[in-house]
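# Geometric and topological summary
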Amino acid sequence: MVKEKFLKLKTEDKVNHILSLADYKEQQDLLNFLKTKDKFEHIKVSGKVKTMKSNPKSNSPREEVQNNTGELYIDLKYISDNPFQPRLQIEQSKLAELAKSIKERGLLQPIVLNKSSDNIYEIIAGHTRKDAVKLNGETKIKAIIFSSYSKTDSEYKNTMLSNAIVENIHRNDLDPIETAISFKNALTEGIYKNQAQLATSIGKQKIYVTKILSILKLQDNILEDLRVNKSTKDIQALYFLQRIPDLEIQKNMYFSLISQKINREDIIEYVKNLNNKNLKKVDTNGFTFKKDKIEIKNDFSNLTEESKKELTKDIEKLIKKYLD
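Residues numbered from 1 in each chain as written. Predicted model: local features only at pLDDT ≥ 70, side-chain atom pairs only at ≥ 80, totals over all residues. Heavy atoms only, no water.

### Describing the packing of aromatic side chains
Here a ring pair, both rings aromatic, is described through the centre-centre distance and the interplanar angle of the planes. This structure, assessed with the given rule, holds two aromatic pairs. Relative to Phe 240, the ring of Tyr 239 lies with its centre 5.4 Å away and its plane at 80°, an arrangement referred to as edge-to-face. For the pair Tyr 239 and Phe 240, a shared accessibility class is recorded, and that class is buried. Seen from the ring of Tyr 208, Lys 204 lies directly overhead, with NZ or CZ sitting 4.9 Å from the centre. (Phe/Tyr/Trp six-rings, centres within 6.5 Å; stacked < 30°, edge-to-face > 60°. Buried < 20%, exposed > 50% of the residue type's maximum accessible area, 1.4 Å probe, protein only. Lys NZ or Arg CZ within 6 Å of the ring centre and 35° of its normal.)

The structure is reproduced here in structure tokens:
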């Protein structure tokens, strides 16, 4: 990518582009390019002009630059997770697998950090990599300092929340619950005015955001299983499940889904049939007043001729009672 074009990207897109580069030197080259510009780089994020501090230099003893490669290493004990990133639980087997890979091949992609004014670092991208390196008994980790906002900075919350969303969206193992919580947090905090604006910022359609948020309406046992066991990432199936009003049926169908007794199509078909039954009830029952007449909607097919005569007499009595 041409560097001038890189400068025009949004903050979250810059992070994603830097992380997409396999060569660490290329990553550093882009960050060094930012430093040749102004100390503050003015960019547009989510429809607003914001200011990003471009990888400022520091003499902090918590940072170590390897002379032979120019790679930056940060002491793990000074690194904390993004407070707006709802990481609920990492599957231990996957974490151990990643830790083994890093031990054998090294950390191919550095984690990306925000550095606050008190030399405390918070992760923008790379939570799992940090945990895997820590599992290996390492005390430092290869990193990129992408921004430098303190917690009192007006842009701090916006930056950390928007980055939490972007990291969730671009993870291969997308977690529906974590993503839904990060969406809800961003909307609650006013980072995005509405679902449409949030959808635009992440390059998705509004219906995608709506479906993700609807997951939080699921029955409690389902939410607990998703948090702890991460049994499914099928957003479409979860979306239709939460449309089932009977919570017991909703729960039973969910556990039938994850045990492969039923599939997504079965759930969708059930919800559609449920909606059709509700419509039928509306269409075939009750009274409708229309100007000079009353329309009675009901199924009289099971009535005997005698019963119909009795019903007619009763209706005539009612009409006489209210209209005479």
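### Focus on the pattern of salt bridges
Oppositely charged side chains can pair when the atoms bearing their charge come close. Applying the stated criterion across every chain, the model contains nine salt bridges. With its nearest N and O atoms 3.5 Å apart, the salt bridge here joins Lys 230 to Glu 178. Separated by 52 residues along the polypeptide, Lys 230 in the loop between α10 (220-228) and α11 (235-241) and Glu 178 in helix α7 (residues 176-188) bring together distant segments of the chain. Across the pair, Glu 178 and Lys 230 agree in class, each one buried. Between Arg 264 and Asp 234 there is a salt bridge, with its nearest N and O atoms 3.1 Å apart. Of this pair, Arg 264 sits in helix α13 (residues 264-284) while Asp 234 sits in the loop between α10 and α11, placing them 30 residues apart in sequence. Taken together, the shared-partner salt bridges in this structure form one network comprising Asp 81, Lys 130 and Asp 131. (Salt bridge = Lys/Arg side-chain N within 4 Å of Asp/Glu carboxyl O. Helix = DSSP H or I, 4+ residues; strand = E, 2+ residues; numbered from the N terminus.)

### With respect to helix α5 (residues 127-135)
Three- or four-residue spacings in an α-helix give side chains the same orientation, since the helix completes a turn every 3.6 residues. Restricting attention to buried positions, one finds in α5 the residues His 127, Arg 129, Lys 130, Ala 132 and Val 133. Residue Gly 137 follows α5 closely and has a positive phi angle near 85°.

### A word on the nonpolar core
Formed by 48 residues in total, the largest nonpolar core has its most connected members in Ile 165, Phe 183, Leu 218, Leu 226 and Leu 241. Considering each element in turn, this core owes the most residues, six residues, to α11. Excluding anything up to four places from it in sequence, Phe 183 contacts Ile 165, Ile 169, Leu 198, Ile 202, Tyr 208, Val 209, Ile 212 and Leu 213. Core analysis: the second largest hydrophobic core is formed by 18 residues, Leu 72, Leu 76, Ala 132 and Ile 145 among them. (Core = buried A, V, L, I, M, F, W, Y, C linked by side-chain atoms within 4.5 Å. Contact = heavy atoms within 4.5 Å.)

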